Amino acid sequence: MIPLPPWAGEAQAKLATQFPNYDFRFIFHKHDQIEGRCPFPVCRNDPIKKGGTDRFVVFQNGNAWCRQCNNKLTWRREAQEERAERQQKEQADRRSLRQEIARCTDWVTYHDNVGKGAALWKQAGITNEDIDRWGLGYCDRVPNCTYDTPSLTIPVFYKNILVDIRHRVLQPQGDDKYRSHLPKLPPAYFNLDGLLNQRQCFFVEGEKKAIVVAHNGLMACAYPGVEFARYLTDIIPQVLDASQELIFLPDPGSNRQLNPTLHALREKGYQTKVVDLFLKPDDFIMEYGVAPLLQAIPQARWY
């Protein structure tokens, strides 16, 4: 086993003051970086992984970060000051982006142009009623894209304020399936405000799934990719209360990535349920209708 670098002892001592009696089990990665078990509750209380083995990355410059739960901290005063300055700038940049997208009216142009993409929306199980209800559209060329491609467009609002226009890229290069309207926009959670006052709140991965699920009477919020589900642990307590049931309809094979989020929500007092389907929820509904899904909900496992 490669010995830890000299600065690792200082890092362990400083971290021990923040997380007493926690066994980080650090291993060497490279001269300015060591790795170990994550001390943040969302990971360390995961009944399966229990903090993992190398997801918590500690840097010689004084920063530390978990690759799984995305929590960050600093263990040196200099790094704390630098991080505070960086956070202030990032907050200002995000505020500017939110103001810019809130003023944007491009989604109206795309909606007026939706006829070009009507057949593609229909193939995805989206009706004309859905197109009008959600302001869906078609864009001839995705903005801020390095190559030419059209897209299907989905405006995302929160309490009547535009927070993004999601572009479903139609001629992607590589894995470039979805894009935000502006670069570096914070992730937007489609129809989050639609869950207010709902007894059962459904969560799916991707806006098109949320639209199909909502069309069938189940109000759903979409996270823009399973890697963004972890932010729901902070977002949900700001919007929903613990009396509302949170029901996740994950894509097949994504349960493991959801586990830390589900565990953290349970710790915050939420009733969280997972309905395991062998198809993506929109494909399941298009194939079998909503009735079998409704029948599966009472039997689904509580997390």
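Description of the structure in this document. What you are looking at is a predicted structure, and each value in this text was computed from that prediction instead of being measured.

## Notes on the overall build of the protein
Link 1 in the chain: In terms of regular secondary structure, the protein is built from eleven helices and 14 strands.
Link 2 in the chain: Over its C-alpha atoms, taken along the principal directions, the protein stretches across nearly 65 × 45 × 35 Å.
Link 3 in the chain: Within the protein, the fraction of its 303 residues that count as buried is 48%.
Link 4 in the chain: If you take every contact in the protein between residues at least 6 apart in sequence, the share linking residues at least 24 apart comes to 57%.
Link 5 in the chain: Taken as two groups, the 39 positive and 36 negative side-chain charges of the protein have centres that lie 4 Å from each other.

## Overview of unusual backbone geometry
Link 1 in the chain: Notably, asparagine 160 is not glycine yet its phi reads approximately 70°, a positive angle.
Link 2 in the chain: Inspection of the secondary structure puts asparagine 160 in the loop between strand S7 (151-158) and strand S8 (161-169).
Link 3 in the chain: Non-glycine residue lysine 184 carries a positive phi angle of around 70°.
Link 4 in the chain: Secondary-structure assignment places lysine 184 in the loop between strand S9 (178-179) and strand S10 (200-205).

## Here's the deal with a negative patch on the surface
Link 1 in the chain: Taken together, the side chains of Glu78, Glu81, Glu82 and Glu85 define an acidic patch exposed on the protein surface.
Link 2 in the chain: Assignment of secondary structure puts glutamate 82 in helix H3 (residues 77-103).

## Overview of the sheet that holds S9
Link 1 in the chain: Strand order in the open sheet formed by four strands is S6-S7-S8-S9, with antiparallel pairing between adjacent strands. In the strand order of this sheet, the two ends are held by strand S6 (137-139) and S9, each with one partner.
Link 2 in the chain: Of the strand pairs in this sheet, S6 and S7 are connected by three bridges, and their pairing is antiparallel. Looking at S7, one finds that tyrosine 138 is bridged to leucine 152.

## Re the layout of surface pockets
Link 1 in the chain: Within this model, the largest pocket holds a volume of roughly 1,600 Å³.
Link 2 in the chain: Taken together, 45 residues make up the lining of the largest pocket; nearest its centre are Asn70, Pro187, Tyr231, Asp234 and Ile235.
Link 3 in the chain: Where the lining of the largest pocket is concerned, the elements lending two or more residues are helix H2 (41-44), H3, S7, helix H8 (232-239) and helix H9 (255-267).
Link 4 in the chain: Among the elements that take part in the lining of the largest pocket, H3 stands out by supplying nine residues, more than any other.
Link 5 in the chain: Empty space within the second largest pocket amounts to approximately 790 Å³.
Link 6 in the chain: Residue lining of the second largest pocket: 31 residues in total, with Arg168, Lys177, Tyr178, Gly206 and Lys209 positioned closest to the centre.
Link 7 in the chain: Counting residues per element, the ones that place at least two in the lining of the second largest pocket are helix H5 (118-123), S8, helix H7 (207-215) and helix H10 (281-288).
Link 8 in the chain: Take the lining of the second largest pocket: its biggest share by element is four residues, from S8.
Link 9 in the chain: Looking at the lining of the second largest pocket, its residues break down into 14 nonpolar, four polar and 13 charged.

About the cut-offs
Residues numbered from 1 in each chain as written. Predicted model: local features only at pLDDT ≥ 70, side-chain atom pairs only at ≥ 80, totals over all residues. Heavy atoms only, no water. Helix = DSSP H or I, 4+ residues; strand = E, 2+ residues; numbered from the N terminus. Buried < 20%, exposed > 50% of the residue type's maximum accessible area, 1.4 Å probe, protein only. Contact = heavy atoms within 4.5 Å. Lys, Arg positive; Asp, Glu negative; His and termini not counted. Charge placed at Lys NZ, Arg CZ, Asp CG, Glu CD. Patch = residues over 30% accessible without salt bridge, like charges linked within 9 Å, V, L, I, M, F, W, Y side chains within 5 Å. Areas by Shrake-Rupley, 256 points an atom, 1.4 Å probe, with all protein chains shown as cover. Salt bridge = Lys/Arg side-chain N within 4 Å of Asp/Glu carboxyl O. Pairing = 2+ DSSP bridges. 1 Å grid on protein atoms, 1.4 Å probe; cavity = no way out; pocket = protein on both sides within 12 Å on 5 of 7 lines; lining within 4 Å. Points joined across faces, edges and corners; volume = space filled by probe spheres on them. Nonpolar A, V, L, I, M, F, W, Y, C, P; charged D, E, K, R; others polar.

It is worth stressing that arrangement in space is one thing and function is another; only the former is reported here.
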